[in-house]
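Each chain, written out:
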Amino acid sequence: MYAIEKVEALNAEVTRMVVHAPAIARKIKPGQFIMLRIDEQGERIPLTMNSCDPEAGTITIIFQAVGATTMRLAQMRVGDALLDFAGPLGKPTELEGVKRACVIGGGLGTAIAYSQAKWLHDHGAEVDVITGFRNVDLVLLEDEINENSTRQIIMTDDGSNGNKGLVTAALQQCIDEGADYDLVLAVGPVIMMKFVAATTKPYGIKTLVSMNPLMIDGTGMCGGCRVKVGDEYFHACVDGPDFDGHLVDYDDAMRRGVMYRSFESSAREAAAGKVASEGRTCGDAAVSSGDDHKEA
Ligand code: NAD
Ligand code: FES
């Protein structure tokens, strides 16, 4: 069992949780993920690391309560424990040798982008971090990113933080002002990553994107997480989750994402009713939801 050591609400929907998992904490690197299962009846969901503390033996995950399992997870408290917490899975992000990077986080993707920005900052790179949120109440990790970047630019869709626009507008401005990036790294909605890659392509800036398709086993066996890159299909769980942003077929990824949408929303409604009527009971049969797959 994997004890929950800390639970903190970052906003109305997003939770930060610290889990005791010493063997994983010693090995995991930015970009890698774990698969967790709450109990015997639960489904396995992938969550990418936000941070780790090898000395304390802990992994920090940040998730949004959007699916059946994450809704149940958000109800858990210090002293509760998770049945399974397997990892590290996936390939670490290739960050060695990068001198000047722009790390972009869209919404919840900021939780992952943080670990990559921190690694680069700790290893002497100059790191601009651009984050984007629908409004100022959803802004995540502002203080942590300030401490672990050269500069941070926070954009909001509605301008409620005084900086209206999408992350791509900020990226274009940085490039126009002469930022000489050797890597742009984007983590967020597929549509955001598509337009980040379109922004960097004319300049030939190496661009990595973190793909988050539906994942079932996380081991390359089920085929659920296929991503089309160039003319080939890859498994995000073992070949990724990072891929060359200029080669990913984003429209194919979005088509595959839409295939699960109606199933997801009915599972979410069922889960919301279950959590509301049964409080924080964790021993019930899980309602499976694709929304919970590879969230952060
Ligand atoms: P969101 O829809 O609020 O978007 C976040 C930001 O992305 C926006 O504020 C904007 O700056 C940017 N963006 C959105 N559409 C854009 C476009 N067309 N062009 C340029 N920039 C654009 O994000 P959310 O509601 O927090 O949703 C999070 C999404 O991120 C979910 O779809 C989730 O699946 C995904 N996600 C992905 C990963 C990953 O590994 N790639 C990790 C966590 C979450
Ligand atoms: Fe099954 Fe990747 S999650 S092959």
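Preceding block: the structure.
Predicted model, so just to flag it, every value in this text is computed and none were measured.

## Remarks on the packing of aromatic side chains
Each aromatic ring pair is described using two quantities: the centre-to-centre distance and the angle formed by the ring planes.
Okay, step 1: Inspection of every chain in the model, using the stated rule, returns 2 aromatic pairs.
Okay, step 2: Judged by centre distance (5.9 Å) and plane angle (35°), the ring pair of Tyr-2 and Phe-85 falls under tilted. With a gap of 83 residues between them, Tyr-2 in strand 1 (residues 2-9) and Phe-85 in strand 7 (residues 84-89) connect regions that are remote in the sequence.
Okay, step 3: Classification of Tyr-2 as partly exposed rests on a relative accessible area of 27%.
Okay, step 4: Classification of Phe-85 as buried rests on a relative accessible area of 3%.

## Description of the nonpolar core
Okay, step 1: With 35 residues, the main nonpolar core has Ile-104, Ile-130, Leu-171 and Tyr-181 as its most contacted residues.
Okay, step 2: Apart from the residues lying within four places of it in its own chain, the contact partners of Tyr-181 are Arg-100, Ala-101, Cys-102, Asp-128, Arg-151, Leu-171, Cys-174, Ile-175 and Ile-205.
Okay, step 3: Of all hydrophobic cores here, the second largest spans 27 residues; its members include Leu-95, Ala-111, Val-139 and Leu-140.

## Considering the pairing of strand 4 (residues 45-53)
Sheet faces and side chains relate simply in a regular strand, where the side chains alternate between the two faces.
Okay, step 1: Relative to strand 4, strand 3 (residues 33-37) runs antiparallel, the two being bridged by 4 bridges. In the sheet register, Phe-33 faces strand 4, and the bridge partner there is Thr-48.
Okay, step 2: Once strand 4 ends, the chain turns through 4 residues before running back antiparallel as strand 5 (residues 58-64), passing Gly-57 with a positive phi of about 75°.

## Notes on helix 6 (residues 190-200)
Okay, step 1: By the burial criterion, the buried members of helix 6 are Val-190, Met-192, Met-193, Val-196, Ala-197, Thr-199 and Thr-200.
Okay, step 2: At its buried positions, helix 6 is contacted by strand 8 (100-106), helix 5 (167-176), strand 11 (183-187), strand 12 (207-210) and helix 8 (250-258).

## Re the sheet that holds strand 10 (residues 151-156)
Okay, step 1: Spatially, the 6 strands line up as an open sheet ordered 10-9-8-11-12-15, and their pairing is mixed. Edge positions in the sheet fall to strand 10 and strand 15 (242-244), since each of these pairs with one other strand and no more. Sheet twist, expressed as the average angle between the axes of neighbouring strands with direction ignored, equals 20°.
Okay, step 2: As judged from the 6 bridges shared by strand 9 (residues 126-133) and strand 10, these two strands associate in the parallel manner. Among the inter-strand pairings, Phe-133 is bridged to a residue of strand 10, identified as Thr-156.
Okay, step 3: Running over the sheet, helix 3 (residues 110-122) touches strand 8, strand 9, strand 11 and strand 15 and is turned about 165° from strand 8.
Okay, step 4: Contacting strand 8, strand 11 and strand 12, helix 6 runs over the sheet at an angle of about 165° to strand 11.

## Let's talk about the sheet that holds strand 7
Okay, step 1: With antiparallel pairing, 7 strands are arranged side by side in an open sheet as 6-1-2-5-4-3-7. Because the sheet does not close on itself, it has two edges, and the strands there are strand 6 (81-82) and strand 7.
Okay, step 2: When strand 3 meets strand 7, the two strands line up antiparallel, connected through 4 bridges. Opposite Met-35, over in strand 7, you have Ala-86 as the bridge partner.
Okay, step 3: In the packing of helix 3 onto the sheet, contacts are made with strand 4 and strand 5, and the angle to strand 4 comes to roughly 40°.

## Here we look at the environment of His-20
Okay, step 1: As for its position among the elements, His-20 is in strand 2 (residues 14-20).
Okay, step 2: What makes His-20 partly exposed here is its relative accessible area of 30%.
Okay, step 3: Setting aside chain neighbours within four positions, we find His-20 in contact with Tyr-2, Ala-3, Glu-5, Ala-56, Gly-57 and Thr-58.
Okay, step 4: Of note is the side chain of His-20, whose polar atom sits 3.2 Å from the side chain of Glu-5.

About the criteria used
Residues numbered from 1 in each chain as written. Chains lettered and ligands numbered in written order. Predicted model: local features only at pLDDT ≥ 70, side-chain atom pairs only at ≥ 80, totals over all residues. Heavy atoms only, no water. Phe/Tyr/Trp six-rings, centres within 6.5 Å; stacked < 30°, edge-to-face > 60°. Helix = DSSP H or I, 4+ residues; strand = E, 2+ residues; numbered from the N terminus. Buried < 20%, exposed > 50% of the residue type's maximum accessible area, 1.4 Å probe, protein only. Core = buried A, V, L, I, M, F, W, Y, C linked by side-chain atoms within 4.5 Å. Contact = heavy atoms within 4.5 Å. Pairing = 2+ DSSP bridges. Axes fitted to C-alpha atoms, helices over the stretch in contact; angles between N-to-C directions. Polar contact = N/O pair within 3.5 Å; in protein donor to acceptor, adjacent residues only side chain to side chain.

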